[in-house]
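Structural features, examined
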Amino acid sequence: MVPLHNSVSVETFNFGAMSFGWTTKPQDSLVPFDPLFGDYNVLLDGHAHTTVSDGRLSPEQLVDYSIAQGCNAVIVTDHNTVRGGLQAEKYAKAKYPGEFVVIPGMEYSNCRIHMNFININTTVKVGNKEFPSDEDMQLAINRVHELGGLVIVNHIPWSNRTLERLGTPRLLNHPSVESLIRWGVDGFEIINQATFDLPTFQHVRARNSSAGRPLVLMTGSDVHMPNTAFAWTVLRAKSLSKDAIMDEIWNARTSFLFDPTGNRANIIPAYSSSYLALAPLMELAGYFSTFYDHYPGQYSFHGTHCQHDIVDFHGSSVGLFVVYLIAGVLLFELVYRVLGLVAGLVKQRINQRSVSDD
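Predicted model only: the values in this text are computed from it and were never measured.

Cut-offs applied
- Residues numbered from 1 in each chain as written.
- Predicted model: local features only at pLDDT ≥ 70, side-chain atom pairs only at ≥ 80, totals over all residues.
- Heavy atoms only, no water.
- Helix = DSSP H or I, 4+ residues; strand = E, 2+ residues; numbered from the N terminus.
- Rg over C-alpha atoms; globule rule 2.2 N^0.38 Å.
- Contact = heavy atoms within 4.5 Å.
- Areas by Shrake-Rupley, 256 points an atom, 1.4 Å probe, with all protein chains shown as cover.
- Lys, Arg positive; Asp, Glu negative; His and termini not counted.
- Charge placed at Lys NZ, Arg CZ, Asp CG, Glu CD.
- Disulfide = S-S within 2.5 Å.
- Phe/Tyr/Trp six-rings, centres within 6.5 Å; stacked < 30°, edge-to-face > 60°.
- Lys NZ or Arg CZ within 6 Å of the ring centre and 35° of its normal.
- Core = buried A, V, L, I, M, F, W, Y, C linked by side-chain atoms within 4.5 Å.
- Buried < 20%, exposed > 50% of the residue type's maximum accessible area, 1.4 Å probe, protein only.
- Polar contact = N/O pair within 3.5 Å; in protein donor to acceptor, adjacent residues only side chain to side chain.
- Patch = residues over 30% accessible without salt bridge, like charges linked within 9 Å, V, L, I, M, F, W, Y side chains within 5 Å.
- Salt bridge = Lys/Arg side-chain N within 4 Å of Asp/Glu carboxyl O.
- Expected span 1.5 Å × (residues − 1).
- Arc of directions from axis to C-beta.
- Axes fitted to C-alpha atoms, helices over the stretch in contact; angles between N-to-C directions.
- Parallel < 35°, antiparallel > 145°, perpendicular 65-115°, else oblique.
- Left-handed = near helix turned anticlockwise from the far one by under 90°.
- pLDDT = per-residue confidence, 0-100.

**Points about the overall build of the chain**
- Secondary structure assignment for the chain yields 9 helices and 14 strands.
- Here the chain has a C-alpha radius of gyration of 28 Å; the compact-globule value for 358 residues is 21 Å, and the former is much larger.
- Projected onto its principal axes, the C-alpha coordinates of the chain cover approximately 115 × 45 × 35 Å.
- Put simply, 71% of the contacts in the chain that link residues at least 6 apart link residues at least 24 apart.
- Surface accessibility of the chain: about 18700 Å² in total, with carbon and sulfur atoms responsible for 57%.
- Side chains of the chain carry 26 positive and 34 negative charges; the gap between the two charge centres is 1 Å.

Right, dumping it as structure tokens:
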């Protein structure tokens with residue numbers, strides 16, 4: 001997306017017109033991370049978004065896209081709402097009965113943590129605010145369990161990564177893995193896009209080797225727009241149904257395929273006509289963005305940003321722009337006068353020649 005100014009943006013590509021008539025088969029070249037996992041019959045994308053929140057694909061398109069990426073199941077987790085998942089589930093049941101499964105959910109999103117609440121049909125609002133307290137998060141986790149769902153902690157490396165110039169983590173005061181386990185989360189997303197969260201993976205594996213209910217290991221594309229696929233959660237379900245898949249996830253009987261290079265998906269969106277019409281003007285307007293750099297911080301998904309934004313104003317760039325402008329005006333004036341002088345001399349020579357010919 002190309003910004004037109006602070007409040008208006010123009011989509012570069014027309015994602016709404018995309019269709020997905022191809023299929024990749026990761027099972028042909030990849031094997032489960034756990035070599036003893038054995039056969040599997042479900043390839044699941046555990047984290048996906050639609051236009052209901054900040055994705056570029058409609059719920060219906062997301063189903064078709066997931067099939068093209070080699071999946072036969074997807075967990076749809078739009079930010080702070082289950083509407084996208086319910087819509088995608090309805091579409092899949094009508095168009096692909098017995099062939100593709102959608103598990104609805106939502107991504108609990110704020111300035112402290114992102115967690116997938118999966119296999120729920122109701123949006124969980126309790127304990128979800130811009131900066132939830134530890135108690136707020138525990139209330140939300142408990143509510144999901146009351147609804148019969150599971151809680152998966154998402155992309156810890158992404159959440160804790162330091163933002164350029166702001167000097168703070170993307171999500172502030174993110175709870176530790178140990179705290180989250182005490183609060184009752186059911187598992188962790190250990191691959192998000194192409195990032196393998198090795199420390200969390202090792203922590204969960206070590207804990208799962210001890211007594212107690214094992215924690216779930218999940219992967220997710222976190223797809224917002226069509227892109228390369230890197231990982232697939234694999235399961236050996238009794239049937240291709242939501243209940244059978246959830247039973248395997250609940251019991252932490254998952255493994256995953258992982259290709260850090262990614263597949264070669266055939267993703268070629270058409271350019272938006274609005275973008276093509278406005279691109280020349282946006283390029284001209286974009287020149288003035290060299291006068292400053294804006295760092296707004298991470299969006300909270302509650303209408304605000306998690307950090308105070310920073311604007312670096314480049315006074316030297318503005319000063320030099322004025323100098324260049326004056327120099328350009330003077331140069332134009334000089335060229336104009338020189339051309340006028342040359343034209344006058346040429347005209348005088350022509351007149352003299354005309355007089356001599358007479």
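**Describing the state of the cysteines**
- Inspection of every chain in the model, using the stated rule, returns 1 disulfide.
- Between the sulfur atoms of Cys111 and its disulfide mate Cys306 the distance is 2.1 Å. Since a negative S-S torsion denotes a left-handed disulfide, the Cys111-Cys306 link at about -90° is left-handed. Placement of the pair is Cys111 in the loop between strand S5 (101-109) and strand S6 (114-118) and Cys306 in the loop between strand S13 (292-295) and strand S14 (310-313), with a sequence separation of 195 residues.

**Details of the packing of aromatic side chains**
- A full pass over the atoms with the stated rule returns 19 aromatic pairs.
- The ring of Trp250 carries Arg213 above its face, with NZ or CZ at 3.8 Å from the centroid.
- Across from the ring centre of Phe37, 4.9 Å away, lies the NZ or CZ of Arg236, which sits over that ring.

**Topic: the nonpolar core**
- Ranked by size, the top nonpolar core spans 29 residues in total, and within it Tyr108, Met115, Phe117, Val153, Leu180, Val185 and Phe188 carry the most contacts.
- Every residue in contact with Tyr108, bar those within four places of it in the chain, is listed here: Asn80, Ile113, His114, Met115, Phe117, Gly127, Asn128, Pro132, Asp136, Met137 and Ala140.
- Judged by nonpolar contacts, the second largest core, of 27 residues, contains Cys71, Ala92, Tyr96 and Val102.

**Digging into the side chain of Asp78**
- Of note, Asp78 is situated in strand S4 (residues 73-79).
- Side chain to side chain, Asp78 and Ser53 meet in a polar contact 2.6 Å long.
- Residue contacts for Asp78: discarding those within four places in its chain leaves Ala48, His49, Thr50, Val52, Ser53, Gly84, Gly85, Gly105, Met106 and Glu107.

**Let's talk about a nonpolar patch on the surface**
- Residues Leu331, Leu334, Val335, Val338, Leu339, Val342, Val346 and Ile350 make up a contiguous nonpolar surface patch of roughly 710 Å² in combined accessible area.
- On the secondary structure map, Val346 appears in helix H9 (residues 315-357).

**Focus on helix H2 (residues 83-95)**
- Helix length check: H2 (13 residues) gives 19 Å between terminal C-alpha atoms against 18 Å at 1.5 Å per residue, within 8%.
- Among the residues of H2, Gly84, Gly85, Ala88, Glu89, Tyr91 and Ala92 are the ones counted as buried. Along the long axis of H2, the arc covered by the buried residues comes to 165°, so they all point the same way. Turned more than 90 degrees off the buried face of H2, the exposed positions are Arg83, Lys90, Lys93 and Ala94.
- Residues of H2 that are buried make contact with helix H1 (59-68), S4, S5 and helix H7 (242-250).

**Describing H1**
- With 8 of 10 residues buried, H1 lies mostly within the body of the structure.
- Three or more residues of H1 are buried, namely Pro59, Gln61, Leu62, Val63, Asp64, Tyr65, Ser66 and Ala68.
- Gly70 lies just past H1 and shows a positive phi near 95°.

**Section: the packing of H1 against H2**
- At a minimum axis separation of 8 Å, H1 and H2 run at an interaxial angle of 60°. Judged by the inter-axis angle, H1 sits oblique to H2. Considering how the two elements wind past one another, H1 and H2 form a crossing that is right-handed. Only Gly84, Gln87, Ala88, Tyr91, Ala92 and Lys95 of H2 make contact with H1, whose side of the interface consists of Pro59, Glu60, Val63 and Asp64.

**Remarks on the pattern of salt bridges**
- Counted under the stated rule, the structure contains 11 salt bridges.
- With a shortest N-O distance of 3.0 Å, Arg56 and Glu11 are connected by a salt bridge. Here the residue Arg56 occupies a position in the loop between strand S3 (42-48) and H1, and Glu11 occupies one in the loop between strand S2 (8-10) and S3, the gap between them amounting to 45 residues.
- Note that Glu89 and Lys93 form a salt bridge whose closest N and O atoms lie 3.8 Å from each other.

**Here we look at the confidence of the model for the chain**
- With 97% of its residues at a pLDDT of 70 or more, the chain shows a mean pLDDT of 92.
- Confidence drops under pLDDT 50 across residues 1-8; counting only partners more than four residues distant or on other chains, this segment forms 14 contacts.

**Focus on the environment of Glu164**
- Structurally, Glu164 is set in the loop between helix H4 (156-160) and helix H5 (177-183).
- Take Glu164: its relative accessible area is 61%, and that puts it in the exposed class.
- Separated by 134 residues in sequence, Glu164 and Leu30 have C-alpha atoms that sit 35 Å apart.

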